[in-house]
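# Inside the fold
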Amino acid sequence: METSVLLIIVLPLALAAFNGLMGLFVPAYRKNEWIIGGLGTAAVAIPFVLAVKLFLGFHGEPEVVTYFTWMAAGDLQIEFAYRIDQLSLVMTLIVTGVGALIHLYSIGYMHGDAGYWRFFAFMNLFIFAMLNLVLAENLLVLFLGWEGVGLCSYLLIGFWYTDLKNSAAANKAFIVNRIGDFAFLLALFVIFAVVTEKIDGSFGFDFTTLLAPETLNLFGAGTLLGVVLLFFVGATGKSAQIPLFVWLPDAMAGPTPVSALIHAATMVTSGLYLLARLSPMVLMAPAAMTVIAVVGALTAIMAATIAITQHDIKRVLAYSTVSQLGYMFLAVGVGAYFVAIFHVMTHAFFKACLFLGSGSVIHAMHHVEHELEHKGVLGSNGEPNDDPLKRVELPYEGDFDAQDMRTMGGLRKYMPWTAGTFLVATLAIAGIPPLAGFFSKDEILFKAFELGYNGEMWAYFVWIVGVVTAVLTAIYMTRAYLLTFEGNPRWPDAMDTKPHESPWTMTAPLVVLAALAVVGGFVGLPAVLGGSKIHHFLVHDGRGPVAEPLHELHVSPSIEWGLLFLGLAIASGGVLFAWFVIRWGARGPEADASVKRFFGPLYGTFSRKYSVDQFYQKVIVNPVVNGARLVFAPFDENAVDGAVNGVAKMVQGMALRLRGIQTGVVQHYALAFVLGVAVVLALMLFA
Amino acid sequence: MLETFLFFLFAVVAVVGALGMLIARNPVSSALCMIMTLFAIACLYVTLDAAFIGVIQVLIYAGAIMVLFLFVIMLLNLESVPRLEQLDWRKVAAFVLGIAVLAELLAVISLRLDVLPEAVASSEAAEAASATNIGIALLTEHAFSLEMIGVLLLAATIGAVMLAKKRFV
Amino acid sequence: MHLALNWYLSLSAILFVIGVLGVLLRRNAIVIFLSIELMLNAANLALVAFSQTFGDVNGQILVFFVMSVAAAEAAVGLAIIIALFRNRETVNVSEINLFRG
């Protein structure tokens, strides 16, 4: 038990260090892609096997393994301890399982990249940090992981750092995350202040103490609300919710496996994990839960509407991720923590599959781009050739972009595996039964409806928003699938330039993830279909790590059936709408025109992404920059530099006057010596 | 009574010699005055019943060290300093400071000696400081220090030779 | 019982201060050196006086060591003066200011 947990944690770290150091100091090692990739994948696959073993041997009682004392100062004693319980096991399985598949995929995807070793070192480091986050027994170890994943996210977004755009995106992600991390820290301080005074020998950072009812009762209602809201702000940073979601779409600058692993399946769900872990605490702050639900719902619909207008395939998926995370926060807000974790799991499956599929497509389109450049149709940077004989028309202004769906189309013919798995994942996220997304999303909406039905009117509001978002989800995902894989090819010289399917290391993870996206939902069947296994596992009749509201909620089975069919109807309605409008109504990029017509003036707002970035630029960034320029720059130049230079000038002046003392004649020194003797004697006599 | 008389006699000789050393313009005169002081101090040792130290004082200081001084003075063939050196503030300050230190020392001696232990009889003291007892103490209790003094003298000899060699500095 | 200890100590103080004044006032390096010897002797006198007053032989042992060190110092110091004179053609310390920065 202790050894397995230790191996799970340490193996990714060890191989990250190995690959990183070897790559850094032994240039010849960088060429061994199979060794680097194999070791990197094994560093995640072996922990996955160990986690499965732990999962099968788990008996329902949480266990804490302590390795060493991290810090000890007076009474404060922070242990490096990990917690094995239902929640951490589920998260560990997701992180290592999906992580292993994505690592396997990366072996093929990153082929030929100069930073191959760096990539796998960072990825393994990320897995290490993420495992620290989900397995931590106390908030400080969790925070270590929390910051660690932020760091790895930064490193991997800026992986191709020679492009300034990527570095800027990495900085943006890091800085926005700092805001959330700051709130997290404040929450820690409050807990420290509240709990330390009251409980001897414990500082309330370990979950066993913190989540015990006696400890939670120490908090006043207002303090508890504040702590939960601070944690929620921390979660909005990491999990890309309003108002801190702006970094996630830009984070797509990183390699696609990074988007799949960090910005879809694992890191962005850490905010959800945190709230689920602290669910007994969150439950005691109902006002905070309302805020969480409303923010989640608004994020969901906002991101979904933006996703409809995007042309970059990865950006569509990024906004889709933001939207789905909003769903999960909605679930947390209505008190259905286990459903949030359930959706985390199913979302990890189908969103990872979608991202990896898009990566496969981008891989193929890059091949097309290189072939076109080789033929001279495109310039070396993907710009259309000026030569009138070879002139080609792109469907949009600017350079050829391998990620732009407007130059794709008809790829199903060339890459059947990618297209098939992408379709399965699309249907899963759209919520077509019996795929995974149907059950988890339906359960979220059901829980929201249930709460509204039992008297909380605001829950109806988030439920309606959720339903509308579900329709939009079906529409934009179907649109993405159709634009990419159906219709006729739209890249230049399409008759003679043929993309091809990716290697097996890339398609195999796709197939596995698609299969999981099909069957993953069956662990969480609704009550009328036999009851949710994951609910039973996580909640464990009130003894599990995930708490539930105590009050009984009742909805008659007929309404539950009705909601199930409503879910089916909105999902298929959305898919069919998109299918008819885009596939048969209009072809290719013209399809966007019909979407545009449908939404009318709103479309502009959507495609401008609600101008949130511009708003932040105007309201926060510009004032700060201008303020710095107007106030702090002169202050720095005059006051700070003035003080420094002034000290130097003063010393210089004093030295010029004092150097007269240093005559070099020993007798003068002896005179001072005797003066000292006289003073000492005087002190002896008179003092 | 004789003891008191001898003390003041030698004390006066010592102070006069010291002052002579201080104010003589010729270094040779300074050295000769110094020898007079050293002799007086040796005599004071004898009046203190410390005959051994008195003899050593004459042998080492008056006999060896002062001869060395005179030898160097002759070797360098130094001239007398001009009669009136300029009286600058440093000299005044040095003089005032010296007098202040002297006053303070005398004040300490007259005011703060009450903490000392009881004095012993002079016969007992003479017995304790006999050459036999000094020799025993030197070669038993302080044997290591004695060896170290030997090493120090050797090092000083070598150092002096090195320094005095031509073209060393 | 010898003459009162105070007298010897006073004489020692006077000789010591004369030595101090010699170091501070004279310019001739050799006279300064002599003054230092005088200070050492003043200290020796105090030591012997204490030793004889309290019947403790250790004071005279220390005097013995001081004399040895003074001899060593005289040898090295005079050698330095010779070397200095050879270089600077003077033993006037106010003209020797190698310590000046």
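The shown structure was predicted, so the numbers you read here are calculated from the model rather than taken from an experiment. (Residues numbered from 1 in each chain as written. Chains lettered and ligands numbered in written order. Predicted model: local features only at pLDDT ≥ 70, side-chain atom pairs only at ≥ 80, totals over all residues. Heavy atoms only, no water.)

## A look at the overall build of chain A
- Across its full length, chain A carries 26 helices and 2 strands.
- Computed over the C-alpha atoms, the radius of gyration of chain A is 29 Å, within 12% of the 26 Å expected from 2.2 N^0.38 for a compact globule of 687 residues.
- If you line up chain A on its principal axes, its C-alpha atoms span 110 × 75 × 50 Å.
- When the 687 residues of chain A are sorted by exposure, 56% land in the buried category. (Helix = DSSP H or I, 4+ residues; strand = E, 2+ residues; numbered from the N terminus. Rg over C-alpha atoms; globule rule 2.2 N^0.38 Å. Buried < 20%, exposed > 50% of the residue type's maximum accessible area, 1.4 Å probe, protein only.)

## Some details on the overall build of chain B
- Counting its regular elements, chain B contains 7 helices and 0 strands.
- Going from the N terminus to the C terminus, chain B shows its helices and strands as α-α-α-α-α-α-α.
- In terms of principal-axis extent, the alpha carbons of chain B reach across some 50 × 40 × 30 Å.
- Partitioning the contacts of chain B with sequence separation of at least 6, the portion at a separation of at least 24 is 52%.
- As displayed, chain B has an accessible area near 9800 Å², and 72% of this comes from carbon and sulfur atoms.
- Once the 8 positive and 12 negative side-chain charges of chain B are each reduced to a mean point, those two points are 26 Å apart. (Contact = heavy atoms within 4.5 Å. Areas by Shrake-Rupley, 256 points an atom, 1.4 Å probe, with all protein chains shown as cover. Lys, Arg positive; Asp, Glu negative; His and termini not counted. Charge placed at Lys NZ, Arg CZ, Asp CG, Glu CD.)

## Brief notes about the domain arrangement of chain A
- In terms of domain boundaries, chain A breaks down into domain 1 (285–606) and domain 2 (612–686).
- Taken over C-alpha atoms, the centre of domain 1 of chain A sits 62 Å from the centre of domain 2 of chain A. (Domains from an automatic or database assignment.)

## A closer look at the interface of chain C and chain A
- Counting residues at the interface gives 15 residues for chain C and 10 residues for chain A.
- Carbon and sulfur atoms make up 59% of the area that chain C and chain A hide from each other, which totals about 890 Å².
- Summed over the shared surface of chain C and chain A, the result is 0 salt bridges.
- Taken together, the links from chain C to chain A amount to 3 residue pairs in polar contact (both at pLDDT 80 or more).
- Looking at the side of chain C that touches chain A, the element that brings in the most residues is helix α1 (residues 5–25) of chain C, giving 4 residues. (Buried area = accessible area lost by both parts, 1.4 Å probe. Salt bridge = Lys/Arg side-chain N within 4 Å of Asp/Glu carboxyl O. Polar contact = N/O pair within 3.5 Å; in protein donor to acceptor, adjacent residues only side chain to side chain.)

## Some details on the confidence of the model for chain B
- Taken residue by residue, chain B gives an average pLDDT of 85. The fraction at 70 or more is 93%.
- On the interface metric, ipTM, the complex scores 0.88, and its pTM is 0.71. (pLDDT = per-residue confidence, 0-100.)

## Section: the domain arrangement of chain B
- Here chain B is partitioned into domain 1 (1–81), domain 2 (87–116) and domain 3 (119–169).
- The gap between the C-alpha centroids of domain 1 of chain B and domain 3 of chain B is 20 Å.

## Brief notes about the packing of helix α16 (residues 337–375) of chain A against helix α20 (residues 504–519) of chain A
Residues and elements named next belong to chain A.
- It is at 8 Å that the axes of α16 and α20 come closest, and there the two elements cross at 150°. As the angle between them shows, α16 and α20 are arranged roughly antiparallel. Crossing geometry of α16 relative to α20 is assigned as left-handed. For the pair α16 and α20, the contacting residues are F349, F350, A352, C353, L356, G357, S360 and H363 in the first and M506, P509, L510, L513, A514, L516 and A517 in the second.
- Considered class by class, the residues forming the contact of α16 with α20 number 12 nonpolar, 3 polar and no charged. (Axes fitted to C-alpha atoms, helices over the stretch in contact; angles between N-to-C directions. Parallel < 35°, antiparallel > 145°, perpendicular 65-115°, else oblique. Left-handed = near helix turned anticlockwise from the far one by under 90°. Nonpolar A, V, L, I, M, F, W, Y, C, P; charged D, E, K, R; others polar.)

## Looking at the environment of E61 of chain A
- Residue position: E61 of chain A is located in the loop between α2 (33–56) and β1 (63–73).
- Through-space distance from the C-alpha of E61 of chain A to that of H540 of chain A is 9.8 Å; in sequence the pair is 479 residues apart.

## Some remarks on the interface of chain B and chain C
- Listed by partner, the interface residues are 82 residues for chain B and 67 residues for chain C.
- Carbon and sulfur atoms supply 79% of the area buried between chain B and chain C, which totals about 6800 Å² over both sides.
- For the chain B face of the interface with chain C, the top three residues by lost area are L22, L48 and F69 of chain B, together amounting to 10%.
- Connecting chain B to chain C are 0 salt bridges.
- Summed over the shared surface of chain B and chain C, the number is 10 residue pairs in polar contact (both at pLDDT 80 or more).
- Those elements that place two or more of their residues in the side of chain B that touches chain C are α1 (2–23), α2 (27–47), α3 (51–76), α4 (89–111), α5 (122–128), α6 (131–139) and α7 (143–164) of chain B.
- Counting residues per element, the side of chain B that touches chain C draws most heavily on α3 of chain B, which supplies 13 residues.

## Topic: the pairing of strand β2 (residues 76–84) of chain A
Residue and element names in this part refer to chain A.
- Most of β2 sits out of view: 7 of its 9 residues are buried.
- As judged from the 9 bridges shared by β1 and β2, these two strands associate in the antiparallel manner. Directly across from F68, in β2, lies its bridge partner F80.
- Connecting β1 to the next strand, β2, in antiparallel fashion are 2 residues, including G74 with a positive phi near 65°. (Pairing = 2+ DSSP bridges.)

## Description of a nonpolar patch on the surface
Residue and element names in this part refer to chain A.
- Among the surface-exposed residues, F615, V619, I620, V621, V624 and V625 lie close enough to one another that they form a single nonpolar patch of about 500 Å² accessible area.
- Position of V621 among the secondary structure elements: in helix α25 (residues 612–658).
- By relative accessible area, V621 is classed as partly exposed at 34%. (Patch = residues over 30% accessible without salt bridge, like charges linked within 9 Å, V, L, I, M, F, W, Y side chains within 5 Å.)

## Remarks on the environment of R112 of chain B
- Note on placement: R112 of chain B falls in the loop between α4 and α5.
- In this structure, R112 of chain B is in contact with M684 and L685 of chain A together with A107 of chain B, ignoring residues within four places of it in sequence.

## Re unusual backbone geometry
Residues and elements named next belong to chain A.
- The omega torsion of the bond from I242 to P243 falls at 10°, within 30 degrees of zero and hence cis.
- Relative to the elements of secondary structure, P243 occurs in the loop between α9 (221–238) and α10 (247–250).
- The backbone phi angle of A240 is positive, close to 55°, even though this residue is not glycine.
- Position of A240 among the secondary structure elements: in the loop between α9 and α10.
- Assessed through its relative accessible area of 0%, A240 is described here as buried.
- Its identity is not glycine, yet K609 carries a phi of approximately 55°, on the positive side.
- Within the element layout of this structure, K609 appears in the loop between α24 (602–607) and α25.

## Section: α9 of chain A
All names here are of chain A.
- Taking 1.5 Å per residue as the helical rise, α9 with its 18 residues ought to reach 26 Å, and the 26 Å between its terminal C-alpha atoms agrees with that figure.
- Listed as buried for α9 are L224, V227, V228, F231, F232, G234, A235, T236, G237 and K238.
- In the segment just after α9, A240 is the residue with positive phi, at about 55°. (Expected span 1.5 Å × (residues − 1).)

## Here we look at the side chain of T236 of chain A
Residue and element names in this part refer to chain A.
- Relative to the assigned elements, T236 resides in helix α9.
- Using a relative accessible area of 2% as the deciding quantity, one classes T236 as buried.
- Among the polar contacts listed, one links the side chain of T236 to the backbone oxygen of V233, at a separation of 2.5 Å.
- The contacts of T236, once residues within four sequence positions are left out, are Q241, I242 and L244.

## Description of α25 of chain A
Residues and elements named next belong to chain A.
- For α25, the principal kink sits at F632 and spans about 35°; a proline, P634, occurs within the next four residues.
- Of all the positions in α25, only V612, Y616 and G653 are classed as buried.
- The elements touched by buried residues of α25 are α14 (286–309). (Bend = angle between axes of the 7 residues up to and from the residue.)

## Observations regarding the nonpolar core
- One finds L139, I191, F231 and M281 of chain A to be the most contacted residues of the largest nonpolar core, which totals 217 residues.
- If one sorts the elements of this core by residue count, α16 of chain A sits on top with 22 residues.
- Core analysis: the second largest hydrophobic core is formed by 82 residues, L671 of chain A together with V17, A46 and I61 of chain C among them. (Core = buried A, V, L, I, M, F, W, Y, C linked by side-chain atoms within 4.5 Å.)

## Focus: the pattern of salt bridges
All names here are of chain A.
- The tally for this structure, following the rule as stated, stands at 11 salt bridges over all chains.
- Put simply, D613 and K172 hold a salt bridge, and the shortest N to O gap is 3.0 Å. Here D613 is found in helix α25, whereas its partner K172 is found in helix α6 (residues 164–198), with 441 residues between them in sequence.
- Notably, a salt bridge pairs R412 with E486, separated by 2.8 Å at the nearest N-O pair. Residue R412 is located in the loop between α16 and α17 (416–430), and its partner E486 is located in the loop between α19 (457–485) and α20; the two are separated by 74 residues in the primary sequence.
- Looking at R412, the relative accessible area reads 44%, which means it is partly exposed.
- By relative accessible area, which is 7% here, E486 ends up buried.
- Residues participating in the shared-partner salt-bridge network are R83, D85, E137 and R277.

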